[in-house]
Amino acid sequence: MTKFIFVTGGVISSLGKGISSASIGMLLKSHGYRVTMMKLDPYLNVDPGTMSPFQHGEVFVTDDGAETDLDLGHYERFTDVTMSGSNNITTGQIYYSVITKERRGDYLGSTVQVVPHVTDEIKGTILRLADQDSYDVILCEIGGTVGDIESLPFLEAIRQFPYDLGGEHCLYIHLTLVPYLQAAQELKTKPSQHSVRALREIGIQPDILLCRTEQAMSETHRQKIAMFCNVTPDHVFEARDADDIYAIPLQFAEQRIDRAIIKKLGLPRSKAAQELDGWRAMMTRIQAIDQTVRIGVVGKYIEHQDAYKSIYEALRHAAVANDVELEIARIDSDTLTPDHCEEPLAGLSGILIPGGFGQRGVEGKVLAVHHARERGVPYFGICLGMQCALIEFARHVCRLEGAHSREFDEDTPHPVIDLLATQKTITTMGGTMRLGAYTCHLDERSKAAACYGAPQISERHRHRYEVNNKYRPMFEEHGLLLAGLTLDHRLVEMIEIPDHPWFVGCQFHPEFKSRPLRAHPLFAGFIGAAKRHALSPAVPLPSTA
C-alpha cells in the first residue's frame, strides 16, 4: 500500500519546504522506492498561470500542459520523476470542483461545508494520484505556514488520513525555524515550540522535525526541542543553511533522515542508496572548477529571484557539465536603450533572453539580441527570446521596414503586425496559448541536432505567439536556418544563424527538463560556446545598425 508523507512548515515562509521535500524524495528514490510528490497550495487561484511572477515566481509547465507551482521544478530536478497537473492542487481547484458538484446535485441536498465536503475533495485528489501508479511513497508538501487561515482545510484533510488509512501508512514532517540571535550568541528553540504547538492544536503530531538553522545544533538543543515538541530526540534533524542547494540531500543522508523515514513507515528493506554516488561526484566536481563564464540574463522580472528559477538552475547544470563556474549578470531589459546598451552588455561570455509576455521591455531585449549577433557573443533565446531575435533579424538583416515591437499588440493596424502570429491552439483563462509537450523535428545541419544527438525531440511549451509562415521564405533567404519544425512542418520551433558561434532560439522552454546530473543539451551547448568565447572572443561583424 502507498505510504504518505506530509510536509508542513511553521514560524515563517520561505524556510525551504520545497527543497527539503525534494531532497527527501530524492533520497527515498535512491533507495529504489517508487516516489512521486504533490504541492498543495492554499491560494484561491485555480493555478499560477494568471499570477504575476513578482508575486509567485515562475510558472512551471508539465508535459500534460499544466501550469503549476515552481516547487514542481524542484521535485523534478531532484528526483528526476516527471510530474503532471495531478501533482499540484490549489484551493481554487478544490472549491471549483466542490461548487461544480453542488450545482450538479452530487451532494443530494446536503449543506455543503468545509468538513466534510472540502476536506473529502482534498483527500480524494491525493488518493487519485496514488491510484494512477503503484507508488511506494507520495510526499505532499502543504504550502503556507501553520496558523494561516488559508491552509486550514488542507491541514484538516491530512489530519484525517491516519483515521482513513491507518497510522502506519502516514508520516508527518514539520519544518521549523531555530534562529540564531547574534546579540545573545545562542540558538533559540521557542519559535519551534510554538510552531509545533499550533500544529498539535489542529490535531497533528509531527513524527519528524526539520530544524532550519544557521548554526549547528547541540545535543542540548535537540533534547529540549524533543521534550517540548513531543518528538523523540533521534527524530529531530538539522536543516542547516547550505551554500549549494544540491548539497542538502547529502546533508540529510549524513544524518540518516532517509533511514528514519523508512523505519517509521515500515517500508520493505531497500538497497543501499547507490544513486547518491553520482550526486557526491557532482559536488566534488564543482569544487575543482577554476574557470568562470559570465552570462547575461536579460529580462523584465530580474529583481525577483524566483521569476526565472528554472533558467538559473539549467544554466548551473550546464556550467557544471562544462567544468566552469557560472556568474549571472541580471540585466533589466527596461534599462537598455540605444544610448545605454554597450556598458551593461560588455564583457559577457553569453547572452540569454528568457520567456515572457507583453510588450514592456521588448525594445531592450532586441538591443541585446543585436549586440550578441553583431559581436559574435553566444546567444540563446527562449520563447520570447526567440521572437525578439526574429524582430531584430527582420529589422537589421532582412531590412524589413517597420518591424517594430508593436507586432505584439494585436489591435494595431501596423502592416507587419503578423510577423509573429497567434495560433488558437489552446485557450486558457489567461489567454490563447500553446501548452505542454510537443514533438519537434530537427534539421540535421543544425547545432541543435548536434546537441541533442537525435533528429526528433519533445519539449514543453508555454507561449502565445508563433512564427508567421508568411515570413519564413524571407528569413531563409537572408541566411536564417529554421532548425526545428513541428512534425507537420506547420510551425517553426527553432531558429539558428549557421555562421554565428552560437545563435539559437527555441519556441519551447528547455529549462524545465534540465537535471543536475543531466544538463539539458541546448543549455550545455550554449555554455560550451560561452566557455569558448570567454577564452577566445569572436571578431565582431560589420555593424548593420
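Check the entry above for the structure.
Residues take numbers from 1 onward in each chain, read along the sequence in its written order. For a predicted model such as this one, the threshold for reporting local features is a pLDDT of at least 70, and the threshold for listing and counting side-chain atom pairs is 80 or more; totals across whole chains, interfaces and linings nevertheless cover every residue. Processing note: side-chain calculations cover all non-hydrogen atoms of the structure and skip hydrogens and water entirely.

Asks: Which residues make up the overall build of the chain, and what are the values?
Replies: When helices and strands are tallied, the chain shows 18 helices and 23 strands. Only C-alpha atoms enter the radius of gyration, while the globule expectation follows 2.2 Å times N to the 0.38, with N the number of residues. For the chain, whose C-alpha radius of gyration is 25 Å, the value lies close to the compact-globule estimate of 24 Å for 545 residues. Seen along its three principal axes, the alpha-carbon backbone of the chain occupies a region of about 75 × 60 × 45 Å. Relative accessibility thresholds used throughout: buried, under 20% of the residue-type maximum; exposed, over 50%; partly exposed, between the two (1.4 Å probe, protein chains only). In the chain, which comprises 545 residues, the proportion classed as buried is 59%. Looking at the chain as shown, the accessible area adds up to about 22500 Å², and 50% of this sits on carbon and sulfur atoms. Computed over 55 positive and 69 negative side-chain charges, the inter-centroid distance for the chain is 4 Å. A run of DSSP states H or I qualifies as a helix once it reaches four residues; a run of E qualifies as a strand once it reaches two. Both are numbered from the N-terminal end. We get accessible surface area from the Shrake-Rupley algorithm with a probe of 1.4 Å; when it comes to residues, only the shown protein chains can shield them. Positive charge is attributed to Lys and Arg, negative charge to Asp and Glu, and no charge count is given to His or to the chain ends. Where a charge sits is defined by one atom per residue type, namely NZ (Lys), CZ (Arg), CG (Asp) or CD (Glu).

Asks: Outline the packing of aromatic side chains, listing residues and values.
Replies: Ring geometry is summarised as follows: Phe, Tyr and Trp rings, the Trp one being its six-membered ring, pair when their centres sit within 6.5 Å, and such pairs are stacked at plane angles under 30 degrees, edge-to-face over 60 and tilted between the two. Counting across every chain of the model gives 14 aromatic pairs. A centroid spacing of 5.0 Å and a plane angle of 35 degrees characterise the contact between Y379 and F503, whose relative ring orientation is tilted. Residue Y379 is located in strand β15 (residues 379-382), and its partner F503 is located in strand β23 (residues 503-506); the two are separated by 124 residues in the primary sequence. Just as Y379 is buried, F503 falls in that class too. The structure contains a cluster of three or more aromatic residues connected by ring pairs, namely F4, F6, F161 and Y172. Think of it as a cone above the ring: NZ of Lys or CZ of Arg counts as a charge over the ring if it is within 6 Å of the ring centre and within 35 degrees of the ring normal. Here the guanidinium or amino end of R434 rests over the ring plane of Y438, the centre of that ring lying 4.8 Å away.

Asks: Any details on the environment of N230? Residues and values, ideally.
Replies: Tracing the backbone through its elements, the reader meets N230 in the loop between α8 (219-229) and β11 (236-240). Taking relative accessible area as the criterion, N230 reaches 49% and is therefore assigned partly exposed. Along the chain, N230 and L348 lie 118 residues apart, while their C-alpha atoms are 54 Å from each other.

Asks: Tell me about the pairing of β15, and please be specific about residues and values.
Replies: In β15, alternate side chains face the same way, and those of Y379 and G381 on one face and F380 and I382 on the other are all buried. When strand β14 (residues 350-353) meets β15, the two strands line up parallel, connected through three bridges. Each bridged residue has a counterpart across the sheet, and for I351 the counterpart in β15 is Y379. Crossovers are described as right-handed under a simple rule: with the strands pointing away from the observer, the path leading from the first strand over the helix to the second runs clockwise. The parallel pair β14 and β15, bridged by helix α14 (residues 362-375), forms a crossover whose chirality is right-handed. Pairing between strands requires that DSSP locate at least two bridges from one strand to the other.

Asks: Which residues make up the packing of helix α12 (residues 309-321) against helix α18 (residues 521-535), and what values do they have?
Replies: Viewed as axis vectors pointing N to C, α12 and α18 meet at an angle of 65 degrees, and their least axial separation amounts to 8 Å. α18 is crossed by α12, and the crossing has right-handed handedness. Two secondary-structure elements touch here, α12 through I311, A314, L315, A318 and A319 and α18 through F523, A524, F526 and I527. Taken together, the residues of the contact of α12 with α18 sort by class into nine nonpolar, no polar and no charged. Axis geometry follows a simple rule: fit a line to the C-alpha atoms, using only the stretch in contact for helices, then measure angles between N-to-C directions, giving values from 0 to 180 degrees. Put simply, a crossing is left-handed when the front helix is turned counterclockwise from the back one by less than a right angle, and right-handed when it is turned clockwise. Note on contacts: a residue pair qualifies if any of its non-hydrogen atoms lie within 4.5 Å across the two residues. Gly is placed with the polar residues, together with every amino acid not listed as nonpolar (Ala, Val, Leu, Ile, Met, Phe, Trp, Tyr, Cys and Pro) or charged (Asp, Glu, Lys and Arg).

Asks: Outline the nonpolar core, listing residues and values.
Replies: One finds I5, L28, I173, L210 and I261 to be the most contacted residues of the largest nonpolar core, which totals 48 residues. Among the elements that line this core, the one with the most residues is helix α1 (residues 17-30), at six residues. Leaving out residues up to four positions away in the same chain, I261 has contacts with I5, I24, L28, L171, I173 and I208. Counting residues in hydrophobic clusters, the runner-up holds 38 residues, among them V297, L315, A319 and V324. The criterion is simple. A nonpolar core is a set of buried Ala, Val, Leu, Ile, Met, Phe, Trp, Tyr and Cys residues joined through side-chain atoms within 4.5 Å.

Asks: Give a detailed account of the sheet that holds strand β5 (residues 88-90), specifying residues and quantitative values.
Replies: Pairing between sheet strands relies on hydrogen bonds along the backbone, with the strands arranged either parallel or antiparallel. Judged by pairing direction, the sheet is parallel, and its seven strands sit side by side in the order β5-β2-β6-β1-β7-β10-β11 without closing on themselves. Among the strands making up the open sheet, the edge pair consists of β5 and β11. Neighbouring strand axes in the sheet, compared pairwise and without regard to direction, differ in orientation by 20 degrees on average. Two strands pair when backbone bridges link them, and strand β2 (residues 35-41) and strand β6 (residues 137-142) are joined in this way by six bridges, in the parallel orientation. Pairing of L40 across the sheet is with I142, part of β6. Its contacts with the sheet place helix α3 (residues 71-79) against β2, β5 and β6, and it is angled at close to 165 degrees to β2. Packing against the sheet, helix α4 (residues 91-104) makes contact with β2 and β5, and its axis sits at approximately 70 degrees to β5.

Asks: Give a description of α18 that names residues and reports values.
Replies: One fewer than the residue count of a helix, multiplied by 1.5 Å, yields its expected span. With 15 residues, α18 should cover 21 Å at 1.5 Å per step; its first-to-last C-alpha distance of 21 Å lies within 8% of that length. Three or more residues of α18 are buried, namely L522, F523, G525, F526, I527, G528, A529, A530 and H533.

Asks: Outline the environment of G356, supporting the account with residue identities and numerical values.
Replies: Within the secondary structure, G356 sits in the loop between β14 and α14. Counting along the chain gives 55 residues from G356 to Y301, while the straight-line C-alpha distance between them is 9.0 Å.

Asks: So what's going on with the pattern of salt bridges? Which residues, and what values?
Replies: For this analysis, a salt bridge means a side-chain nitrogen from Lys or Arg found within 4 Å of a carboxyl oxygen belonging to Asp or Glu. Tallying each qualifying case throughout the model produces 36 salt bridges. R104 is the partner of D106 in a salt bridge, and the nearest nitrogen-oxygen pair spans 2.6 Å. The class of R104 is exposed, set by a relative accessible area of 56%. With a closest N to O distance of 3.7 Å, K309 and E313 form a salt bridge.

Asks: Just give me the short version of the environment of K123, but keep the residues and values in it.
Replies: Within the fold, K123 resides in helix α5 (residues 114-132). What makes K123 buried here is its relative accessible area of 9%. Considered as a pair, K123 and D133 are 10 residues apart in the sequence and their alpha carbons are 17 Å apart. With residues near it in sequence (within four places) discarded, K123 still touches A157, Q160, F161 and D164.

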